[in-house]
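# Commentary on secondary and tertiary structure
Listed below are the residues making up each chain.
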Amino acid sequence: MNTSGLNRIQKPPQTLRDIVQDQMREAIIAGHFKPGERLVERPLCDQLGVSRTVVRETIRYLEAEGLVDILPGKGPIVAQMSWDDARQIYDIRRMLETAAAMTCARNMTPDLKDRLQAALQNLKGTLATDAPGALFSATSEFYQVIFEGAGHSIAWEVVQRLNGRISRLRMMTLSTNDRAQPGPVHMQAICDAIVSGDAEAARDAIARHLDDATHIAEHLLSQGEAEHG
């Protein structure tokens, strides 16, 4: 089979469903749709200018990401996040990100260093904007470089399944000033440790970042559960 006339597709074009998924995901992550709020098909179809089939497919996809719950007799709602949910997500992140960061540090090359530093600069640029979708993509890209550098492709698949819920927590913790260190400082420390090839420093940088985020999430979510309990 002669494939010499084919060029690799660097980034396939988005389908209509992909665009709708991105918009709905971003609206949930940014808090435009509140936890527990019903997602009614007709208004969504009218607002997005798409068919019910596309909206239904999107809702099913976001349900698989843990961003939407479908309740009997009520239909789809924005999933609520409990502290127990968040704690489990942070525990999983700690295991997978620590292992990936340490192995990536041990595998460091000049090319990998350039890719990680470029991803960090892109991430810093999005942190200065009020664009949840851009922040979601840039943060995912930063961690993807780490997991690819570690050769942890299966672990990255697990993280991608959690990315919607991780991003909801990230938006919540970024919106508070009660942090031991600002988010960009943590990201810089993680990057510096990995590119230096110091696996132990990479482990510690990940741990500090997640300790900070976990503490804030516990405070905010436990407080919310007490108020609604």
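The rules we used
- Residues numbered from 1 in each chain as written.
- Predicted model: local features only at pLDDT ≥ 70, side-chain atom pairs only at ≥ 80, totals over all residues.
- Heavy atoms only, no water.
- Salt bridge = Lys/Arg side-chain N within 4 Å of Asp/Glu carboxyl O.
- Helix = DSSP H or I, 4+ residues; strand = E, 2+ residues; numbered from the N terminus.
- Contact = heavy atoms within 4.5 Å.
- Buried < 20%, exposed > 50% of the residue type's maximum accessible area, 1.4 Å probe, protein only.
- Phe/Tyr/Trp six-rings, centres within 6.5 Å; stacked < 30°, edge-to-face > 60°.
- Pairing = 2+ DSSP bridges.
- pLDDT = per-residue confidence, 0-100.
- Expected span 1.5 Å × (residues − 1).
- Core = buried A, V, L, I, M, F, W, Y, C linked by side-chain atoms within 4.5 Å.

Under the defined criterion, the tally for this structure stands at ten salt bridges. Between Arg 25 and Asp 22 there is a salt bridge, with its nearest N and O atoms 3.0 Å apart. Here Asp 22 and Arg 25 lie together in helix α1 (residues 16-30), a separation of three residues that amounts to about one turn. Each of the salt bridges in this network shares a partner with another, and the network as a whole consists of Asp 22, Arg 25 and Glu 65.

What follows deals with the environment of Tyr 90. Mapped onto the elements, Tyr 90 comes out in helix α4 (residues 83-106). For the pair Tyr 90 and Leu 210, spaced 120 residues apart in the sequence, the C-alpha separation amounts to 7.1 Å. In this structure Tyr 90 touches Leu 169, Thr 173, Leu 210, Ala 213, Thr 214 and Ala 217, once residues within four positions along its chain are discounted.

Among the secondary structure elements, Ala 199 is positioned in helix α9 (residues 199-228). Given a relative accessible area of 4%, Ala 199 falls into the buried group. If near-sequence neighbours (up to four positions away) are discounted, Ala 199 is found in contact with Met 102, Ala 105 and Arg 106.

If you walk through the whole model with that rule in mind, you get two aromatic pairs. Note on Phe 142 and Tyr 143: the rings are 5.5 Å apart at their centroids and 80 degrees apart in plane angle, and the pair reads as edge-to-face. With a centroid separation of 5.4 Å and an interplanar angle of 40 degrees, the aromatic rings of Phe 147 and Trp 156 are classed as tilted. Of the two residues, Phe 147 and Trp 156, both sit in the buried class.

Right, let's get into the pairing of strand β1 (residues 68-71). Strand direction decides the pairing type here: β1 and strand β2 (residues 75-78), joined by four bridges, are antiparallel. By the bridge assignment for β2, Val 68 is matched with Val 78. The turn linking β1 back onto β2 is made up of three residues, and Gly 73 within it adopts a positive phi angle of 80 degrees.

In this section: the environment of Gly 36. With respect to the helices and strands, the residue Gly 36 is situated in the loop between α1 and α2 (41-48). Looking at Gly 36, the relative accessible area reads 22%, which means it is partly exposed. Between the C-alpha atoms of Gly 36 and Gln 80, which are 44 residues apart in sequence, the distance is 5.9 Å.

For the rest of this paragraph, the subject is the confidence of the model for the protein. A residue-level look at the protein finds 89% of positions with pLDDT of 70 or above and a mean pLDDT of 88. Contacts of residues 1-5 to residues separated by more than four positions or lying in other chains number zero contacts, the stretch itself having pLDDT below 50.

Relative to the 21 Å expected for 15 residues at 1.5 Å per residue, α1 spans 21 Å between its end C-alpha atoms, a close match to the ideal helical length. By the burial criterion, the buried members of α1 are Val 20, Gln 21, Met 24, Arg 25, Ala 27, Ile 28 and Ile 29. The secondary structure elements touched by the buried residues of α1 are α2, α3 (52-64), β1, β2, α6 (132-150) and α7 (153-174). Looking at the residues trailing α1, positive phi occurs at Gly 31, about 90 degrees.

With that settled, consider the nonpolar core. Of all hydrophobic cores here, the largest spans 43 residues; its most connected members are Leu 116, Phe 142, Ile 146, Leu 169, Ile 190 and Ile 194. Elements with a contribution of two residues or more to this core: α4, α5 (110-127), α6, α7, α8 (183-195) and α9. Counting residues per element, this core draws most heavily on α4, at nine residues. Apart from the residues within four sequence positions on either side, Ile 194 is in contact with Ala 101, Cys 104, Ala 105, Met 108, Leu 116, Ile 146 and Ala 202. Met 24, Leu 39, Ile 59 and Leu 62 belong to the second-largest nonpolar core, a separate cluster that totals 16 residues.

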